Amino acid sequence: MTVRDVRIFGDPVLTSRADEVVDFDESLATLVDDMFDTMEDAGGVGLAANQVGVLRRVFVFDCSHVDGGLRGHVVNPVWEPIGEETQTGKEGCLSIPDVSAETTRYETVKLSGRDKDGNPIGLVASGLLSRCIQHETDHLDGVLFLKRLDPAERKAAMGVIRASDWFNK
Ligand SMILES: [Zn+2]
């Protein structure tokens, strides 16, 4: 078990686009294992590779505390909305400690991608898992959830960040 360091807001790796995975090799399997350990250690619902400083398109998720919730990983994720219904709720990020803000996401999405062995996977998700898929895929594109906030929420979130101990260290 290896818990890797979680990169924090301000680290350029968080605003960099991760590369498509081409080699489904041993290092990818190790990365996925370590990301599960890191997510569990941090008590998160999801974790993207950028957050451990690796620019490969993979994320892990754990919604198993929700009824019928899934735990898993996806490589080279692509999602599309199913319908136009949205959900608005509190969202946070392991890379932005102490900040949570009302964030609007699609209610239901269809996810496709690969597993760590290169096999195609797909699923339809609603609620928390759908929110997680959108948040983590954003990470792989170098986008933080702050960008998804309306201006007033973003301003409040930036205020919390600027006042936080971790930001001023
Ligand atoms: Zn995040």
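Nothing here was measured: the structure is a model prediction, and the numbers come from that model.

Q: Quick one: what's the story with the sheet that holds strand S2 (residues 58-62), residue by residue and with numbers?
A: Strand order in the open sheet made by the five strands is S1-S2-S3-S6-S7, with antiparallel pairing throughout. The open sheet has two edge strands, strand S1 (46-48) and strand S7 (120-126), and neither has a second partner. Geometrically, the sheet is characterised by an average inter-axis angle of 40° between neighbouring strands, direction not taken into account. Here three bridges tie S1 to S2, and the two strands are oriented antiparallel to one another. Across the sheet, Leu47 pairs through a bridge with Val60, a residue of S2. The sheet strands contacting helix H1 (residues 26-42) are S1, S2 and strand S3 (71-81), and the helix crosses S2 at an angle near 40°. Running over the sheet, helix H2 (residues 127-140) touches S1, S2, S3, strand S6 (108-114) and S7 and is turned about 125° from S7.

Q: Any chance you could break down the UniProt feature "active site" (unreviewed entry) in the chain for me, citing the residues and the numbers?
A: Under the present numbering, the feature "active site" (unreviewed entry) in UniProt falls on Glu136. Structurally, Glu136 is set in helix H2.

Q: Break down the state of the cysteines for me, citing the residues and quoting the values.
A: With the rule as written, the count across this model stands at zero disulfides. Summary of cysteine pairing: Cys63 is not part of a disulfide, and the nearest cysteine sulfur, belonging to Cys132, is at 5.0 Å.

Q: Could you give an account of the layout of surface pockets, naming the residues involved and the relevant values?
A: Here the idea is plain: a probe the size of a water molecule rolls over the atoms and shows the empty space left. Estimated volume of the largest pocket: approximately 270 Å³. Around the largest pocket, the lining comprises 16 residues; the ones closest to its centre are Val45, Gly46, Glu91, Gly92 and His135. Looking at the lining of the largest pocket, the elements that each hand over two or more residues are strand S4 (86-92) and H2. With six residues, H2 is the single largest residue contributor to the lining of the largest pocket. Class assignment of the residues belonging to the lining of the largest pocket gives a composition of five nonpolar, seven polar and four charged.

The rules behind the values
Residues numbered from 1 in each chain as written. Predicted model: local features only at pLDDT ≥ 70, side-chain atom pairs only at ≥ 80, totals over all residues. Heavy atoms only, no water. Pairing = 2+ DSSP bridges. Helix = DSSP H or I, 4+ residues; strand = E, 2+ residues; numbered from the N terminus. Axes fitted to C-alpha atoms, helices over the stretch in contact; angles between N-to-C directions. Contact = heavy atoms within 4.5 Å. UniProt positions renumbered as here; feature names shortened; annotations may be inferred. Disulfide = S-S within 2.5 Å. 1 Å grid on protein atoms, 1.4 Å probe; cavity = no way out; pocket = protein on both sides within 12 Å on 5 of 7 lines; lining within 4 Å. Points joined across faces, edges and corners; volume = space filled by probe spheres on them. Nonpolar A, V, L, I, M, F, W, Y, C, P; charged D, E, K, R; others polar.

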